[in-house]
Amino acid sequence: IAISDLILSEEEEPVKELDAVCNLGYEALEPLHDLLKSPTFYEPLAPGYGLAPSRAATCLGNIKSPDSLPILLSAIGLQSFSTDEAIIDAMRCYEEEAREYLHQSVQNMPYGNLNLSAAMILSSLQPSEQTAEIALSLLKKPELRAHEAFLSYLILTLEGLEDSKLRDEAASLGPQLTQMLQ
């Protein structure tokens with residue numbers, strides 16, 4: 001009942017409904033995962049006016065189950081920017097656990113949409129030296145040069161570079177990166 005109340009809520013910020021679902025804890029995971037995966041709930045004319053996936057992401061961020069990380073990552077870029085924003089906020093709730101998962105995901109080969117989604121989320125998190133080092137190593141791979149959006153997000157994560165040697169190395173890639181992005 002709590003999940004259906006969340007879906008059908010007419011409130012702009014359904015605090016009571018969000019709390020009720022979050023209080024279910026791990027019991028709510030499967031239906032919340034299903035909500036994020038279902039294209040039906042992204043439709044503005046569907047129950048919940050297309051807000052149910054964003055609300056599900058908010059709940060998953062509060063519950064903080066590691067099992068939700070792949071579901072959140074795969075839902076980025078599916079349907080709506082507001083859902084993407086809620087997913088990024090949910091990932092922030094996981095802190096280092098999400099960062100570690102995203103580090104693995106951004107490096108998986110062959111390259112695909114999950115790499116792009118992981119890079120997008122990483123560029124939205126607080127800068128970190130480890131993220132920047134991973135991005136720098138990926139930027140050096142010639143096989144990724146055709147993926148401009150991916151490269152752009154990786155470049156944004158370089159802000160976290162603190163080591164002066166690595167900063168110089170990133171700067172030396174500048175002309176090469178400019179050519180790649182043209």
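Analysis parameters
Residues numbered from 1 in each chain as written. Predicted model: local features only at pLDDT ≥ 70, side-chain atom pairs only at ≥ 80, totals over all residues. Heavy atoms only, no water. Helix = DSSP H or I, 4+ residues; strand = E, 2+ residues; numbered from the N terminus. Axes fitted to C-alpha atoms, helices over the stretch in contact; angles between N-to-C directions. Parallel < 35°, antiparallel > 145°, perpendicular 65-115°, else oblique. Left-handed = near helix turned anticlockwise from the far one by under 90°. Contact = heavy atoms within 4.5 Å. Nonpolar A, V, L, I, M, F, W, Y, C, P; charged D, E, K, R; others polar. Buried < 20%, exposed > 50% of the residue type's maximum accessible area, 1.4 Å probe, protein only. Arc of directions from axis to C-beta. Salt bridge = Lys/Arg side-chain N within 4 Å of Asp/Glu carboxyl O.

1. A closer look at unusual backbone geometry
Argument step 1. Omega for the bond connecting methionine 109 with proline 110 falls within 30 degrees of zero, at 5°, which places this linkage in the cis form.
Argument step 2. Notably, glutamate 95 is not glycine yet its phi reads approximately 55°, a positive angle.
Argument step 3. Assignment of secondary structure puts glutamate 95 in the loop between helix 6 (81-94) and helix 7 (96-107).

2. Digging into the packing of helix 6 against helix 8 (residues 113-124)
Argument step 1. Interhelical geometry of helix 6 versus helix 8 gives an angle of 65° and a closest axis separation of 10 Å. In this view, helix 6 runs roughly perpendicular relative to helix 8, as classed from their interaxial angle. As helix 6 packs across helix 8, the resulting crossing turns out to be right-handed. Contacts between helix 6 and helix 8 involve Asp84, Ile88, Met91 and Arg92 from the first element and Met120, Ile121 and Ser124 from the second.
Argument step 2. When its residues are assigned to classes, the contact of helix 6 with helix 8 shows four nonpolar, one polar and two charged.

3. With respect to the side chain of serine 9
Argument step 1. With respect to the helices, strands and loops of the structure, serine 9 is situated in the loop between helix 1 (2-8) and helix 2 (15-24).
Argument step 2. Classification of serine 9 as buried rests on a relative accessible area of 6%.
Argument step 3. The contacts of serine 9, once residues within four sequence positions are left out, are Pro14, Glu17 and Arg55.

4. Here we look at helix 3 (residues 29-37)
Argument step 1. Within the sequence span of helix 3, burial applies to Leu29, Leu32, His33, Leu35 and Leu36. All buried residues of helix 3 fall inside an arc of 155° around its axis, so they share one side. Those residues of helix 3 that are exposed and angled more than 90 degrees off the buried face are Glu30 and Lys37.
Argument step 2. Packing partners of the buried residues in helix 3 comprise helix 1, helix 2, helix 4 (52-63), helix 5 (69-75) and helix 6.

5. A look at the pattern of salt bridges
Argument step 1. Applying the stated rule across the entire model yields three salt bridges.
Argument step 2. The closest approach of N and O atoms between arginine 92 and aspartate 89, which form a salt bridge, is 2.7 Å. Pair noted here: arginine 92 and aspartate 89 are both in helix 6, with a separation of three residues, about one helical turn.
Argument step 3. With a relative accessible area of 38%, aspartate 89 lands in the partly exposed category.
Argument step 4. Here glutamate 169 ties to lysine 140 by a salt bridge, and the two come within 1.9 Å at their closest N and O atoms. You can see glutamate 169 sitting in helix 11 (residues 164-172) and its partner lysine 140 sitting in the loop between helix 9 (129-139) and helix 10 (148-157), a full 29 residues away along the chain.

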